[in-house]
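So the chains spell out like this:
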Amino acid sequence: MNRKSIVTLVTMIILSISSFAETSTNTLKVPLTIENKKTALPNDFTSQLPAVTTFDNVITKKYGDVKLHTFQSVSVSTVVIENDKLTIIDYPGDSEEQAAKFKKYIESLNKPIDRIILSHRDNSHWLGIDKIFPNVPLYSVDADEIHAKPEGIALPVTKIADNSTQVIDGIKYEFVTNRDINAWEIKLPAQKAVFIEHIGYVNRHILNAPIDARLKLLQELNKEGYTWYMPGHGAPMKAPEFVNQVTAYYTDILKAPTTYKTATEAKAKIMAKYPNY
């Protein structure tokens, strides 16, 4: 099989599996992103929030006085960095029910919100945020791209410079933007923790080409000694387990063109090998 055929087959596999992920009852029940769709929340939505007393979809990692909470929605994962205040990365814009539950979770922490950082342009990570947190400052490296969307044009998002460093609530943040492949990293170097988007996920069929470039970013993070990975989809995980699982999954995708004859066969085999994805 020549190189052009291999590239074509890899692309077909990526599109096929990613499409499956949006409809599979075993994984996601909503599209990964709700591009170009304007989903309006009722004006009195905040008053309709249900009473929530338990949060079994939250995983917390503690570093001294700093706590990193990952709140898992239907498909989106939101991170809350707790110190004296709360810094939030993203928002469950994929589910009104989970957005309501997330607001109750934030209230349960009983600390003021310093800001909300929107990791990137995909609106499943911020749609409806102005209804739930109308007075919280919003920041993003993708402020311009968010404002370019019909549903984001009115959001008061302040631009964060690409590849910049900020200290927020006593914690150092590094905002790394890989615009050549549309991948984003928010590093907390002191905690050796990193929030990542479009680099890799576990238990999620979310594929973005080129895969080898994303593997390289993951390997670089591993070399830098990051020990806690917080992806924007799926659960957070310790470094060895996360890196190994993402690497194994991507390796299987990359090998597929020389292992299987068609994209349909490749999809079936990969789905069978990763039944929990």
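This text follows the structure it describes.
Conventions we followed
Residues numbered from 1 in each chain as written. Predicted model: local features only at pLDDT ≥ 70, side-chain atom pairs only at ≥ 80, totals over all residues. Heavy atoms only, no water. Core = buried A, V, L, I, M, F, W, Y, C linked by side-chain atoms within 4.5 Å. Buried < 20%, exposed > 50% of the residue type's maximum accessible area, 1.4 Å probe, protein only. Helix = DSSP H or I, 4+ residues; strand = E, 2+ residues; numbered from the N terminus. Contact = heavy atoms within 4.5 Å. Salt bridge = Lys/Arg side-chain N within 4 Å of Asp/Glu carboxyl O. Axes fitted to C-alpha atoms, helices over the stretch in contact; angles between N-to-C directions. Parallel < 35°, antiparallel > 145°, perpendicular 65-115°, else oblique. Left-handed = near helix turned anticlockwise from the far one by under 90°. Nonpolar A, V, L, I, M, F, W, Y, C, P; charged D, E, K, R; others polar. Polar contact = N/O pair within 3.5 Å; in protein donor to acceptor, adjacent residues only side chain to side chain.

Counting 27 residues, the largest nonpolar core has Ile196, Leu218, Tyr229, Phe242, Tyr249 and Tyr250 as the members making the most contacts within it. Elements represented by at least two residues in this core include exactly strand S11 (193-197), helix H5 (211-223), helix H6 (239-259) and helix H7 (263-273). Examining the composition of this core, we find that eight residues originate from one element, H6, more than from any other. What Leu218 contacts, discounting residues up to four positions off in sequence, is Ile199, Tyr229, Phe242, Val243, Val246 and Thr247.

In total, this model carries 15 salt bridges according to the counting rule given. Across the pair Asp114 and Lys85 runs a salt bridge, and its minimum N-O distance is 4.0 Å. One end of the pair, Asp114, is in strand S5 (residues 113-117); the other, Lys85, is in the loop between strand S3 (77-82) and strand S4 (86-89), with 29 residues separating them in the sequence. A salt bridge links Arg179 to Asp162, with the nearest nitrogen and oxygen atoms 2.7 Å apart. Of this pair, Arg179 sits in the loop between strand S9 (171-178) and strand S10 (183-188) while Asp162 sits in the loop between strand S7 (157-159) and strand S8 (164-168), and the two are 17 residues apart along the sequence. Residue class for Arg179 comes out partly exposed when judged on its relative accessible area of 29%. Taking relative accessible area as the criterion, Asp162 reaches 29% and is therefore assigned partly exposed. Salt bridges sharing common partners tie together Arg121, Asp142, Glu145, Lys159, Asp162 and Arg179.

A pair of packed helices is characterised by two quantities: the angle between their axes and the separation of those axes. Viewed as axis vectors pointing N to C, H5 and H6 meet at an angle of 160 degrees, and their least axial separation amounts to 11 Å. Comparing the axis directions of H5 and H6 gives the class roughly antiparallel. Judged by the twist between their axes, the crossing of H5 over H6 is left-handed. Taken together, the residues of H6 that come into contact with H5 (itself represented by Ile211, Arg214, Leu215, Leu218 and Asn222) are Ala239, Phe242, Val243, Val246, Thr247, Tyr250, Ile253 and Leu254. For the contact of H5 with H6, the residue count by class is 10 nonpolar, two polar and one charged.

Next up on the list: the side chain of His69. Structurally, His69 can be placed in strand S2 (residues 66-72). Of the residues examined, His69 reaches a relative accessible area of 5% and is grouped as buried. A polar atom in the side chain of His69 sits 2.6 Å from the side chain of Glu82. Contact partners of His69, with chain neighbours within four places excluded, come to Val58, Ile59, Thr60, Thr78, Val79, Val80, Glu82, Tyr105 and Leu109.

Fair warning: the whole summary comes from geometry, so function is off the table for now.
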